[in-house]
Amino acid sequence: MINEEIADIFEKMSRVLAFKGANRFRALAYERAARSLRDLEEDLPEMAREGKLEDIPGIGKDLAGKIQEYIKTKRIRQCDQERRDVPEGLIALMDIPGLGPKTLSLLHEKYQIRDLDDLRRALDTGKLEKLRGFGKKKIDNIQRGINLWLARHQRMPLGIALPLAEKLLDDLNGIKQVERADIAGSLRRRRETIGDIDLLVISTDSPRALREFTKLPSVKQVIGLGDTRATVIIEGGIQVDVRSVARESYGAALQYFTGSKQHNIHLRTLAQKKGLKLNEYGVFRGEKRLGGAREDEVYRLVGVPVMPPELREDHGEIEAAMEGRLPKLVDLPDLRGDLHMHTNYSDGRATIAEMVEGAAALGYDYIALTDHSPSARIANGLDRKRLEAKIEELERVRKQRGERRPRILLGVEVDILADGRLDYPDEIIARCDVVVAAVHSSFRQSRDRMTKRLLDAIANPYVHILAHPLTRLMGSRDAVEFDFERIVEAAVEAGVALEVNAQPLRLDLTDAMARAAQEAGAVLAINTDAHSVAQLELIRYGVSQARRGWIEARSVVNSWPWTKFSRWLGQRRKRKSKAA
Ligand code: DGT
Ligand code: CA
Ligand code: CA
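Residues numbered from 1 in each chain as written. Chains lettered and ligands numbered in written order. Predicted model: local features only at pLDDT ≥ 70, side-chain atom pairs only at ≥ 80, totals over all residues. Heavy atoms only, no water.

Colleague: How should I be thinking about the packing of helix H10 (residues 158-173) against helix H23 (residues 539-548) in this particular structure?
Modeller: Close contact between H10 and H23 brings their axes to 11 Å; oriented N to C, the two are set at 110°. The pairing of H10 with H23 is recorded here as roughly perpendicular in orientation. In this structure, H10 contributes Leu158, Gly159, Leu162, Pro163 and Glu166 to the contact, and H23 contributes Arg540, Tyr541 and Ser544. Class assignment for the residues of the contact of H10 with H23 results in 4 nonpolar, 2 polar and 2 charged. (Axes fitted to C-alpha atoms, helices over the stretch in contact; angles between N-to-C directions. Helix = DSSP H or I, 4+ residues; strand = E, 2+ residues; numbered from the N terminus. Parallel < 35°, antiparallel > 145°, perpendicular 65-115°, else oblique. Contact = heavy atoms within 4.5 Å. Nonpolar A, V, L, I, M, F, W, Y, C, P; charged D, E, K, R; others polar.)

In structure tokens form, the structure reads like this:
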């Protein structure tokens, strides 16, 4: 939104001026103006129209003119000019705690430092220590500042951000002046990685509520604190923005700050076509406010049925909503089973009985215990003898539990070897109720070989599920390369399910791939790959990933009732006997 955009420009201007050693008061004036614009409740274009810009604290004639210029032309010429001779990488570095514009200006002049890489190299080689005024303490501070800054600028996995945000939400709700609090931003949309956490609150006393928020134990550093907004860093270096919003604007704010930005832009364009104005304060016709207290009301006024946050990426959801063909997204209660988990027979921590109890607590109707095959040595894969022992124990647990759910299926996660063969002979996997096949080695094969390897696994009539097809691990291992279209085509043809693995660092398939697979007619399985009882609850990340991929329960084999599901399990094998 335009207030923020201009505030950003002014903030950068203040740094650029300080960097250039300009008059200190000029830099301060920009800084003050930026802060004042960020706290502003009204829209700048509207204030400009009413000639009220100079009423804003810190905005005089000169800055009011610059705001006008930006509203008209989307740029401010003088600011662009001032920035021209300051490297862009340096402006970004001015955010680093302990590195002011003056210090950076000195480093630029002495060592031609232009960006973070240059700065880290200078630190590593001990160059900075030679500068006057750069004692050990100052250098340590810069180093710490860089680490904090990096942590803040790296996107973090959903699986780390969501629990932290939920804890924060609990704490927020414990503050007396807070009436309501919600998660917004990419976190509410359940993107697989999160830049920063956005929270919204309604409070009886906003400055007080925000002040109390900044005192919470998980808050490590306060970056900014105003009357309606607080920005802090919590454990793990994660940035959190909390905005306090008036009750009548809450729905509009929730809509706006949930995003995505592209979704918002599209929605606003539709509003404009209807002669409406849509912003984070509400929906307006001229001066008249039509609504904004509730999110669904905002959508209704714009003429678009509200859709789940996971869809709001401007990937066709607005068109689908208007044409009445929004998907009926799969949801947690739809799942009747988890078809990929490990026990202490391979690399899991819990016994068979414990895993079954855990699954029972989640209300599952059926589960598959899928320990590794022997070539996965590090994962303690099962040879024939230990597989027999597992089968015996499974029988004992079945007897003990009698009719109690879940049904316990003998499963296996069989390795797809480098040459495409499976790591168990057919005679063994034929005895298993559920066969999950996956790649755990030779990740760097060529695209053609990997495609062939996966096609071979899909062609095996005993295989039910291709698990974590990309085998990526966020932050440490890239996805393997293969011809996704051909794999989907083969999976559709064979009736093999593609997995949406719920492990937060896997989330594999991606949302876009899951969507393409469903469109091509493939079935999917949403599984945890749990290695402990607690990990069974990771299922929600698989579900949100699937929802982002527009997945409906009809496409998810482990949402099917037992009769339909067990028929699917048997189907592939019938094909085999027909072919034989
Ligand atoms: P992130 O934090 O990078 O994971 O992604 P978001 O989507 O949480 O983005 P963030 O935190 O920058 O902003 C939160 C929401 O605010 C975003 O989803 C949509 C809204 N928003 C931010 N900037 C703009 C903008 O320039 N225009 C519009 N229309 N909406 C914006
Ligand atoms: Ca965010
Ligand atoms: Ca944010």
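That covers the picture; the talk isn't over yet.
Colleague: I would appreciate a short explanation of the pairing of strand E16 (residues 497-501) in the present structure.
Modeller: The buried fraction of E16 amounts to 5 of the 5 residues, a majority that puts the element mostly inside the structure. Burial along E16 is two-sided: the residues Ala497, Glu499 and Asn501 and Leu498 and Val500 are all buried. Two elements, strand E15 (residues 465-466) and E16, share 2 bridges in a ladder whose sense is parallel. Within the sheet, the bridge partner assigned to Ile465 lies in E16 and is Ala497. Taken together, E15, helix H21 (residues 484-494) and E16 constitute a β-α-β crossover, and its handedness is right-handed. The pairing of E16 with strand E17 (residues 524-527) spans 4 bridges and is parallel. (Buried < 20%, exposed > 50% of the residue type's maximum accessible area, 1.4 Å probe, protein only. Pairing = 2+ DSSP bridges. Right-handed = clockwise from strand over helix to strand, strands pointing away.)

Colleague: Any chance you could explain the coordination of the calcium ion (ligand 2) here in plain terms?
Modeller: Perfect tetrahedral coordination of a metal by four donors corresponds to 109.5 degrees between them, and perfect octahedral coordination by six donors corresponds to 90 or 180 degrees. In the first shell of the calcium ion (ligand 2), the protein supplies Asp196 (O), Asp196 (OD) and Asp198 (OD), at 2.2 to 2.6 Å from the metal. Taken together, the 6 donor atoms surrounding the calcium ion (ligand 2) define angles of 69 to 165° at the centre, an arrangement classified as irregular. Between the calcium ion (ligand 2) and the calcium ion (ligand 3), a spacing of 3.8 Å is present, and a bridge between the two is formed by Asp196. (Donors = N, O, S within 2.8 Å, 3.2 Å for Na, K, Ca; no water. Tetrahedral: all angles 85-135°; square planar, octahedral: opposite > 155°, others 65-115°.)

Colleague: Hey, could you run me through the site of ligand 1 in this one?
Modeller: Of all residues adjacent to ligand 1, which total 17 residues, the nearest are Arg155, Ser186, Arg189, Gly195 and Asp196. At a separation of 3.0 Å, an oxygen atom of ligand 1 approaches a polar side-chain atom of Asp198. Coverage of ligand 1 by the protein amounts to 78% of the 590 Å² it exposes when considered alone. Of all the secondary-structure elements, those providing two or more residues to the shell around ligand 1 are helix H11 (185-188), helix H13 (250-258) and helix H14 (261-273). Here the residues of the shell around ligand 1 sort into 4 nonpolar, 7 polar and 6 charged. If you count residues domain by domain, the shell around ligand 1 takes at least three from each of domain 2 (156-244) and domain 3 (256-322). (Near = heavy atom within 4 Å. Polar contact = N/O pair within 3.5 Å; in protein donor to acceptor, adjacent residues only side chain to side chain. Areas by Shrake-Rupley, 256 points an atom, 1.4 Å probe, with all protein chains shown as cover. Domains from an automatic or database assignment.)

Colleague: Got a minute to help me understand the nonpolar core in this structure?
Modeller: Considering soluble globular proteins, one finds that nonpolar side chains tend to be buried as a cluster. By size, the foremost hydrophobic cluster in this structure holds 64 residues, and its most contacted members are Leu498 and Ile526. Top element by residues in this core is H21. It accounts for 6 residues. Listed in part, the 32 residues of the second largest apolar core include Leu162, Leu169, Leu210 and Val240. (Core = buried A, V, L, I, M, F, W, Y, C linked by side-chain atoms within 4.5 Å.)

Colleague: Explain the sheet that holds strand E7 (residues 238-244) to me, please; I cannot follow it from the model alone.
Modeller: Remark on secondary structure: sheet strands pair via backbone hydrogen bonds, oriented parallel or antiparallel. Taken in spatial order, the 5 strands of this open sheet run E2-E4-E7-E6-E5, and their pairing is mixed. Strand pairing shows two members of the sheet lacking a second neighbour, strand E2 (178-183) and strand E5 (219-225), which therefore form its edges. Strand-to-strand twist of the sheet, defined as the mean angle between neighbouring strand axes without regard to direction, takes the value 25°. As defined by bridge partners, E2 adjoins strand E4 (residues 197-203) across 5 bridges and the pair is classed as antiparallel. Along E4, the bridge assignment pairs Ala181 with Val201.

Colleague: I'm lost on the coordination of the calcium ion (ligand 3) in this one. Help?
Modeller: Only Asp196 (OD), Asp196 (OD), Asp198 (OD) and Asp241 (OD) from the protein coordinate the calcium ion (ligand 3), and they sit 2.3 to 2.9 Å from it. Donor residues binding the calcium ion (ligand 3) come from one chain and are separated in sequence as D-x1-D-x42-D. Classification of Asp196 by relative accessible area gives partly exposed; the value is 22%.

Colleague: Help me understand the pattern of salt bridges, please; the structure alone is not making it clear to me.
Modeller: Where side chains of opposite charge bring their charged atoms close, a pairing between them can arise. In total, this model carries 49 salt bridges according to the counting rule given. When the shortest N-O distance is used, the salt bridge between Arg188 and Glu295 registers 2.9 Å. Here Arg188, found in helix H11, pairs with Glu295, found in helix H15 (residues 295-302); they are 107 residues apart in sequence, far enough to count as distant. Take Arg188 and Glu295: they sit in the same class, and that class is buried. The residue Lys215 makes a salt bridge to Glu212 at a minimum N-O spacing of 3.5 Å. Residues participating in the shared-partner salt-bridge network are Glu4, Asp8, Glu11, Arg15, Arg38, Asp198, Arg229, Asp241 and Arg243. (Salt bridge = Lys/Arg side-chain N within 4 Å of Asp/Glu carboxyl O.)

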